[in-house]
Each structure stands twice: as C-alpha cells, then as structure tokens.
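Now for the letters of each chain:
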Amino acid sequence: MITETRTETKTAIQNPLGLKKIHHVEFYVGNAKQAEFYYRKAFGFSRAAYMGLETGNRETTSYVMRQNRVNFILTTPLSPEHPGSEHIKQHGDGVHDIAFQVEDADHAFHEAVKRGARPVEEPHDHGDDNGMVRHASIATYGDTIHSFLSYAKVGSPSKSSSGGAGTAPQTEEKYAYWGPFLPGFTAQEVAGEEVGIQLVDHIVGNVELGKMNYWCDFYRDVMGFERYITFDDKDISTEYSALMSIVMSDGGHNIKFPINEPAEGKGGKSQIQEYIDFYRSAGAQHVALLCKDIRHTVAKLQENGVEFLRVPDTYYEEVIDRVGAIDESIEDLKRLGILVDRDDEGYLLQIFTKPVEDRPTVFYEILQRKGCKGFGKGNFKALFVSIEEEQRRRGNL
Ligand code: FE2
C-alpha cells in the first residue's frame, strides 16, 4: 500500500512572486543541432526560433522548440568558458532553467531573495529590435535555476514593414515584445509533425537524501507554494526503489513541482539515488507533458521511435478491478503500454519514456487527465518493478 495524503487548503490563493505560468524550460545539451532533430522528429515539436553565430550570438546556439503551449529551449555553449559547458560536463544533457512568466520580474526577484532565495542574475533589460523584456533569475535545487520574465506580448507590427528592424507596434508598456520568442531569437520555422502534446503538467525534481523537506520548504517559503500531495516513504517501494515524494503547487494548482528524495531500499539502490549519482547533483528528473488523446500521442511517439517503460502484461488483468470502468479499451492500453490510475475525482492515463540521454537521468511522462488530479500512485509499484529491471541491466541496482 502506498500512503497518499492530500492537503488542499481553502485559504486565499497566495502568489507572493506574481507567477503567471511556466514560460519555457531551457536545457543545456552537448549538441543542440542534433537534439533539435530528436525533439522535432521523435516528439513532434516544431522549431520556432533560433539564435547562434548567424544571428550574432557568439556564445551559444539555441533552438526554440514548440508544440502547442510547450516551449523548450535547447542550448549548446560554443566555448568551454561558457557556464553551460561546466553544466554539461557535470550533468550531461539536462534542465538548466525552469522559467516563469511573472507580473513583474523586479518584484519577483527581490521578493524571492528577501524570502531566502539565492540570486543568480539581478533584474536587467533584455531587448532587441522586436521589443524589450525584463529578466532576473534565482537558484533552485542542484544547478537548476528559475528565471523570471516580465513583458507584455503584443501583436506583430504591420506586415508591410517587410521584416526589417521593425516599426514598433502601438504600446504604452516599456516591457513589450512582439518578436518570435524572446530577444535575441530570430524566427526560424521548421515544422514537426505534432503528436498532440499540449502543456507542461508538472516537473519533478530529484534531490539528495534528507533534502526533500528543505526544498519543499523553499517552494513554500520563497515561492508561496503549498503542499499538495505527500507520498509516504515507508510504502513507496518495491524491494529496492524506495523514494519519498511531496508535490508542491502554486495556489491555483497550475504549476506543480513534485520533489523526490531517495529512501532506504532493502539493499538495492533507489532509482532517485541512481539519478543523483549520474546527474552528479539534484536536478530535474522528468517533465510531464499533458495531451488530450494519449492513445493517439503515444502511438505517434512509438512510431517515431521514442522508447517507453513497459509494465508486465499481468498489470492489465488487474487494472479494471483497481480503477473501475474507463472509456478506453484495455486492449488499446495494453498494446501501447499506457497505465491508468484513479482518485476521487476521475482517472488519469500515463506512460513514461526511458531516459532520453545515455546517463540514466532525464525522461518524460506523457499523460492525460480525466478529472484525476493525482500523479498515478496506483502505478508506482508496477512501474518500479520495471524501472528496477532497467537499473539491473545498467548494473546500478
Ligand atoms: Fe510525473
């Protein structure tokens, strides 16, 4: 049995930093050109914008990958002196920045620092011919940061301006942007064949043994988040893969950051510890991507060669007893390897990819929610058995 405690407070929504949404997730990768190809061809993202040598940036190359409301930036540093090179040396490919759009970057930054955050970048203007944004950042777990961006997104100036250093659109705002993504980027569209990924549902952080409460307190005290769900330690374990997890969420439950820490297994290595050993610190473990029709999305991803964890077929013999009636056919779910779980409010369908790089670190979750607000605790056991099998093959159990 896995113990889940949900704490939803009815208090007024607190949002001390004025967070609006996750603006983008930036990855430092060893070869952004090849990563771009993978995210486009395998995950169905489209390239939306680019910066690099050709656009006058001599420090990094970055591609903006977009699918509906998900924006990823894939960045490769062009010299060993760039801090991204150290990030890649330490962590391999991984999440550098979980960036928020905020009401006011100065306020978000100063309030966060006042509440105990470590500053990374002081608020500064960041602009180009297409407008100006305000940017600042703070540190979170490991070498991961949270950027704060504030600007008004305004419509493009009239097309008649023939793409030159633009006629600014009518706006009173000092911080307004009408370019393809953010200052420094040039529009560069290379369409992918989208697979139906809509939105980032949650991003999970793996932190070191004994540090889960520290980081949950950080999200509570600094960001004004609240404890949403706690997965208790004693029982989230198979023989080996023990972990503890607390889901921190903003008052509106739009931004959900589960924080995991390893727990003592029975002689084997926790999957969380395996991540930390190979990432060489705390870091983002998985990004969960919400879709509207998971059968369609997963079928496309599999066709494109994305590799998923599989649970034993016996899972599907027991699933209906556990979750009751669902709209989808069990045969479809079994064929695709999709998992189901239910809470009081509905059910969810989910599946996890294998790590998307050679170190056993970052992976993706694809999920569809049908009312359920949980994270699939009913699937943990079956999943962990299959994760352990992978760990065993890697010699890391
Ligand atoms: Fe997840």
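Residues numbered from 1 in each chain as written. Predicted model: local features only at pLDDT ≥ 70, side-chain atom pairs only at ≥ 80, totals over all residues. Heavy atoms only, no water.

K.L.:
How do you make sense of helix 1 (residues 32-41) when you look at a structure like this?
P.N.:
At 3.6 residues per turn, the α-helix brings residues three or four places apart onto the same side. By the burial criterion, the buried members of helix 1 are Ala32, Ala35, Glu36, Tyr39 and Arg40. Summarising the axial view, the buried residues of helix 1 lie within an arc of 130°, below the 170-degree limit, and thus occupy one face. For helix 1, the exposed residues lying more than 90 degrees away from the buried face are Lys33 and Gln34. Residues of helix 1 that are buried in the fold lie against strand 2 (19-28), strand 3 (46-51), strand 4 (60-67), strand 5 (70-77), strand 12 (186-190) and strand 20 (363-370). (Buried < 20%, exposed > 50% of the residue type's maximum accessible area, 1.4 Å probe, protein only. Helix = DSSP H or I, 4+ residues; strand = E, 2+ residues; numbered from the N terminus. Arc of directions from axis to C-beta. Contact = heavy atoms within 4.5 Å.)

K.L.:
Even after reading the chapter, I still don't get the domain arrangement of the protein chain, so can you show me in this structure?
P.N.:
Often, the extent of an interface is quoted as the loss of accessible area on bringing the components together. Per the domain assignment, the segments making up the protein chain are domain 1 (8-190) and domain 2 (197-394). Between the C-alpha centres of domain 1 and domain 2 the distance comes to 26 Å. Contact with domain 1, which involves 45 residues of that partner, is made by 43 residues of domain 2. For the interface between domain 1 and domain 2, the tally reads 13 residue pairs in polar contact (both at pLDDT 80 or more). (Domains from an automatic or database assignment. Polar contact = N/O pair within 3.5 Å; in protein donor to acceptor, adjacent residues only side chain to side chain.)

K.L.:
Mind showing me how you'd approach empty space enclosed by the protein here?
P.N.:
One water molecule sets the probe size; rolling that probe over the atoms shows where empty space is left. By the definition in use, this model includes two cavities of 30 Å³ or more. Considered as a void within the structure, the largest cavity measures approximately 280 Å³ in volume. Along the walls of the largest cavity sit 20 residues, with Asn260, Gln285, His286, Phe352 and Phe380 positioned nearest its centre. Elements with a contribution of two residues or more to the lining of the largest cavity: strand 13 (197-206), strand 15 (243-249), strand 16 (256-262), helix 5 (271-279), strand 17 (283-291), strand 20 and helix 9 (380-393). Among the elements that make up the lining of the largest cavity, the one with the highest residue count is helix 9 (four residues). Taken together, the residues that form the lining of the largest cavity break down as 13 nonpolar, six polar and one charged. (1 Å grid on protein atoms, 1.4 Å probe; cavity = no way out; pocket = protein on both sides within 12 Å on 5 of 7 lines; lining within 4 Å. Points joined across faces, edges and corners; volume = space filled by probe spheres on them. Nonpolar A, V, L, I, M, F, W, Y, C, P; charged D, E, K, R; others polar.)

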